[in-house]
Amino acid sequence: MGVGGTGGPRAATPASVGGPPGDRRPGGRAPALDAFVDSLPASLRTSDAGIEFAEDGGVAVGPEFRRLEAAWREGVAAMVRAGAKVIVDDVFLGGPASQEPWQKALAGLNVLWVGVRCEGAVAEAREIARGDRPRGMAAAQAETVHRGVTYDLEVDTTHAESLTCARTIAARLT
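Described below are features of the structure shown in this document.

Reading the values: rules and limits
- Residues numbered from 1 in each chain as written.
- Predicted model: local features only at pLDDT ≥ 70, side-chain atom pairs only at ≥ 80, totals over all residues.
- Heavy atoms only, no water.
- Helix = DSSP H or I, 4+ residues; strand = E, 2+ residues; numbered from the N terminus.
- Buried < 20%, exposed > 50% of the residue type's maximum accessible area, 1.4 Å probe, protein only.
- Areas by Shrake-Rupley, 256 points an atom, 1.4 Å probe, with all protein chains shown as cover.
- Arc of directions from axis to C-beta.
- Contact = heavy atoms within 4.5 Å.
- Core = buried A, V, L, I, M, F, W, Y, C linked by side-chain atoms within 4.5 Å.
- Pairing = 2+ DSSP bridges.
- Salt bridge = Lys/Arg side-chain N within 4 Å of Asp/Glu carboxyl O.

**Topic: the overall build of the chain**
Within the chain, the regular secondary structure consists of 6 helices and 6 strands. If you list the helices and strands of the chain from N to C, you get β-α-β-β-α-β-α-β-α-α-β-α. A total of 174 residues make up the chain; the buried ones form 45% of that total. Split by element, the accessible area of the chain, about 8,300 Å² in all, is 54% carbon and sulfur.

Spelled out as structure tokens, the structure:
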């Protein structure tokens, strides 16, 4: 099961990679939290029951979002238990409290937790270039998403190419 990212427009993406117990080979699907959010009904992308993005990059989530997110997370874990190799891209806005539900869902599975870092100023420049995030989100999250989170491996995309970071992660999976 996993979480991954390149530190592109998102400043820092906690990550974990893996598969069924005993399997550490790379490969598989990459469910991303962004794809989950994009699949929500429009009413949940603009209401306090769902998820809201403030102009300053802040993120607020409501009870219906949390309910659906928990179901999505359990579905991803079920895919891994069925033999799929998965990399998940998620941002732990709540630090360890955000990592804990993944840890519970992935209990008994072989997981590599990867922290993907990037300096705030660089992440902000990438965010502006991409143009698909509220300005300020990357800089605001660059350090906060890592505070108190436990990783097996960390990579930093500030100066390293994405491919170099990916190779570092892949080397831990073989």
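**Things to note about helix H3 (residues 96–105)**
Of the residues making up H3, those classed as buried are Gln-99, Trp-102 and Ala-105. Viewed end-on, H3 has its buried residues packed into an arc of 120°, placing them on one side of the element. With respect to the buried face of H3, the exposed residues turned more than 90 degrees away are Ala-97 and Lys-104. Turning to H3, the residues buried within the fold contact helix H2 (63–81), strand E4 (86–89) and strand E5 (110–117).

**A short note on the nonpolar core**
Leu-40, Trp-72, Val-76, Val-88, Trp-102, Leu-106 and Trp-113 are the most contacted members of the largest nonpolar core, which totals 20 residues. It is H2 that contributes the most residues to this core, 5 residues altogether.

**Observations concerning the pairing of E5**
Burial runs high along E5: 7 of the 8 residues are buried. Where E5 lies against strand E6 (residues 153–156), 4 bridges are found, and the strand directions are parallel. Its bridge partner lying in E6, Gly-115 is registered against Glu-154.

**Description of the pattern of salt bridges**
If you walk through the whole model with that rule in mind, you get 5 salt bridges. The partner of Arg-73 in a salt bridge is Glu-69, with the nearest N and O atoms 4.0 Å apart. Residue Arg-73 and its partner Glu-69 are located together in helix H2, separated by 4 residues, close to a single helical turn. The burial state of Arg-73 is the same as that of Glu-69; both residues are buried. Residue Lys-104 pairs with Glu-100 through a salt bridge whose shortest N-O separation is 3.2 Å. Of this pair, Lys-104 and Glu-100 both sit in helix H3, 4 residues apart, roughly one helical turn. Salt bridges sharing common partners tie together Arg-66, Glu-69 and Arg-73.

Distances and angles like these do not, on their own, reveal function.
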